[in-house]
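# Structure assessment
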Amino acid sequence: VALRTREERNRTLQEMELSVEKMRVLMKQAANALGAVIEKRDPYTAGHQSNVATMADAIAMEMGLSEEQRAGLYAAASLHDIGKITVPIEILSKPGKLSEPEFSIVKSHSQVGYEILKEIEFPWPVADIVLQHHEKIDGSGYPNGLHGQGIMLEARIIAVADVLESMTAHRPYRPTRGSQEAINEISSNRGILYDPDVVDVCLKLFNKESAGS
């Protein structure tokens, strides 16, 4: 009887583990599908969210984040610009500097993304991470002017990955600004706008990649 009970318990645990893994896969697929919505609408940033997710995951792995935390980070990074679905395409693709009213509209995407995602019962705080991904260490970010450790680590990682990907990617309305300029941006603002530990890991990964190429 004891052996049968133990076998039944082990079988139940295995079934639960499979169920949790299945849920993670489904959630990741849902995140990818939702992320594709904004990219279908805005071809200029096609691939941006998935590239940021890949970069953010590499940073998280180097920092030693748990698999669970990395899964939530990846989902949030895959969806970080979902709120741009409400931003007019002519603003998203406008070359040159945006006007103050235009920039205010763009800045609303973090809050809009939060409003969209908060109703989805992800097993990770995806909506909160998306809400915070434009916050800055010195409090100069948006939408809530959070400071330092008051910003979730996942959001601090996405903030750096987002800048790097945006600056190194080519857009039809402007050429790539290059990896060196992107590295200079995060280096010069280390501990000011961007988390110093995240920046250090990025620089380590960049140097490792450069050495290997």
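Up top you'll find the structure we're talking about.
Presented here is an overview of the structure given in this document.

## Details of the overall build of the protein chain
Scanning the protein chain for helices and strands turns up 10 helices and 0 strands. Across the protein chain, helices and strands are ordered from the amino to the carboxyl terminus as α-α-α-α-α-α-α-α-α-α. The buried share among the 213 residues of the protein chain stands at 39%. Restricting the contact set of the protein chain to residue pairs at least 6 apart, pairs at least 24 apart contribute 61%. Roughly 11500 Å² of accessible area belongs to the protein chain as shown, and the carbon and sulfur atoms make up 55% of that amount.

## A short note on the nonpolar core
Counting 37 residues, the largest nonpolar core has Leu117, Val126, Ile157, Val160 and Ile186 as the members making the most contacts within it. Contributing elements (two or more residues each) for this core: helix 2 (48-63), helix 3 (67-78), helix 7 (126-132), helix 8 (153-168), helix 9 (179-188) and helix 10 (196-212). At 8 residues, the largest contribution of residues to this core is made by helix 8.

## Some remarks on the packing of aromatic side chains
Two descriptors summarise a pair of aromatic rings, namely the distance from one centre to the other and the angle between the planes of the rings. In the structure shown here, the tally under the stated rule is 2 aromatic pairs. An angle of 85 degrees between the planes, with centres 6.4 Å apart, marks the rings of phenylalanine 103 and tyrosine 142 as edge-to-face. Taken as a pair, phenylalanine 103 in helix 5 (residues 100-107) and tyrosine 142 in the loop between helix 7 and helix 8 lie far apart in primary sequence, 39 residues in all. On the numbers, 6.5 Å between centres and 25 degrees between planes, the contact of phenylalanine 122 with tryptophan 124 is stacked.

## Comments concerning the packing of helix 2 against helix 3
Across the interface, helix 2 lies against helix 3 with an axial gap of 8 Å and an inter-helix angle of 155 degrees. If you check the angle between helix 2 and helix 3, you find them roughly antiparallel. When the axes of helix 2 and helix 3 are compared, the crossing they make is right-handed. On the side of helix 2, the interface is formed by Gln49, Val52, Ala53, Thr54, Ala56, Asp57, Ala60 and Met61, while helix 3 contributes Arg70, Leu73, Tyr74, Ala77 and Ser78. When its residues are assigned to classes, the contact of helix 2 with helix 3 shows 8 nonpolar, 3 polar and 2 charged.

The rules we used
- Residues numbered from 1 in each chain as written.
- Predicted model: local features only at pLDDT ≥ 70, side-chain atom pairs only at ≥ 80, totals over all residues.
- Heavy atoms only, no water.
- Helix = DSSP H or I, 4+ residues; strand = E, 2+ residues; numbered from the N terminus.
- Buried < 20%, exposed > 50% of the residue type's maximum accessible area, 1.4 Å probe, protein only.
- Contact = heavy atoms within 4.5 Å.
- Areas by Shrake-Rupley, 256 points an atom, 1.4 Å probe, with all protein chains shown as cover.
- Core = buried A, V, L, I, M, F, W, Y, C linked by side-chain atoms within 4.5 Å.
- Phe/Tyr/Trp six-rings, centres within 6.5 Å; stacked < 30°, edge-to-face > 60°.
- Axes fitted to C-alpha atoms, helices over the stretch in contact; angles between N-to-C directions.
- Parallel < 35°, antiparallel > 145°, perpendicular 65-115°, else oblique.
- Left-handed = near helix turned anticlockwise from the far one by under 90°.
- Nonpolar A, V, L, I, M, F, W, Y, C, P; charged D, E, K, R; others polar.

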